[in-house]
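# Survey of secondary and tertiary structure
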Amino acid sequence: KRTLFLIGALPALAGCGGGVTRDVVPDATTAVRIAEAVLASTYGEKQMASEKPLQATLEGDVWTVCGTLPQGARGGVGSVRIAKRDGRVSDMGHTQ
């Protein structure tokens, strides 16, 4: 028996049963977990493991989650913007 969790399905499910009555991404821990999944699927597990810990900040109704670059390291980090209300990823990228 398998359990399948679809992050992308969260906004679609909001229309079932009258809609979402609470924030889907209520805290930084949830935002980081979503960001880890999205970033790893795009940039790879190994790359994202090198950017931990991820830091989440809330600005208005949008979480911004960014990787951490070790002191003295060269390169960039992944980042994701996630809607607090419904979990939609509105922007994702990786700096150089």
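First, a word on what this report is: a plain description of the structure on this page. (Residues numbered from 1 in each chain as written. Predicted model: local features only at pLDDT ≥ 70, side-chain atom pairs only at ≥ 80, totals over all residues. Heavy atoms only, no water.)

### Let's talk about the overall build of the protein chain
Secondary structure assignment for the protein chain yields three helices and four strands. Mapped in sequence order, the helices and strands of the protein chain form the string α-α-α-β-β-β-β. In the protein chain, buried positions account for 29% of the 96 residues. Here the analysis covers contacts within the protein chain between residues at least 6 apart in sequence; of these, 40% occur between residues at least 24 apart. Taken as a whole, the protein chain presents about 6,400 Å² of accessible surface, with 52% of it coming from carbon and sulfur. (Helix = DSSP H or I, 4+ residues; strand = E, 2+ residues; numbered from the N terminus. Buried < 20%, exposed > 50% of the residue type's maximum accessible area, 1.4 Å probe, protein only. Contact = heavy atoms within 4.5 Å. Areas by Shrake-Rupley, 256 points an atom, 1.4 Å probe, with all protein chains shown as cover.)

### Focus on the pairing of strand 3 (residues 78-83)
Both strand 2 (residues 62-66) and strand 3 contribute to a ladder of five bridges, which runs antiparallel. Residue pairing for strand 3: Val62 is matched across the bridge by Ala83. Of the pairings in the sheet, the one linking strand 3 to strand 4 (residues 89-94) comprises five bridges and is antiparallel in character. Its bridge partner being in strand 4, Ser79 is matched across the sheet by Gly93. Taking the residues between adjacent antiparallel strands as the criterion, strand 3 and strand 4 are bridged by five residues, where Gly87 takes a positive phi near 80°. (Pairing = 2+ DSSP bridges.)

### Description of the environment of Ser50
Position of Ser50 relative to the elements: it lies in the loop between helix 3 (45-49) and strand 1 (55-59). In the structure, Ser50 is positioned 20 residues away from Pro70 in sequence and 8.5 Å away in space, judged by C-alpha atoms. Within the local environment of Ser50, its side chain forms a polar contact with the backbone oxygen of Gln47, the two atoms lying 2.5 Å apart. (Polar contact = N/O pair within 3.5 Å; in protein donor to acceptor, adjacent residues only side chain to side chain.)

### Some words on helix 2 (residues 28-43)
The end-to-end C-alpha distance of helix 2 is 21 Å, a good match for the 22 Å that 16 residues give at a rise of 1.5 Å each. Those residues of helix 2 not exposed but buried are Ala31, Val32, Ile34, Ala35, Val38, Leu39 and Ala40. Those residues of helix 2 that are buried are in contact with helix 3, strand 1, strand 2, strand 3 and strand 4. Between a side-chain oxygen at the N-terminus of helix 2 and the backbone nitrogen of Thr29 the separation is 3.3 Å; the capping residue is Asp27. Gly44, located one to two residues past helix 2, shows a positive phi value of around 95°. (Expected span 1.5 Å × (residues − 1).)

### What to know about a nonpolar patch on the surface
Together, Tyr43, Val89 and Met92 line one region of the surface with nonpolar side chains, adding up to about 210 Å² of accessible area. Within the element layout of this structure, Met92 appears in strand 4. For Met92, a relative accessible area of 32% gives the class partly exposed. (Patch = residues over 30% accessible without salt bridge, like charges linked within 9 Å, V, L, I, M, F, W, Y side chains within 5 Å. Salt bridge = Lys/Arg side-chain N within 4 Å of Asp/Glu carboxyl O.)

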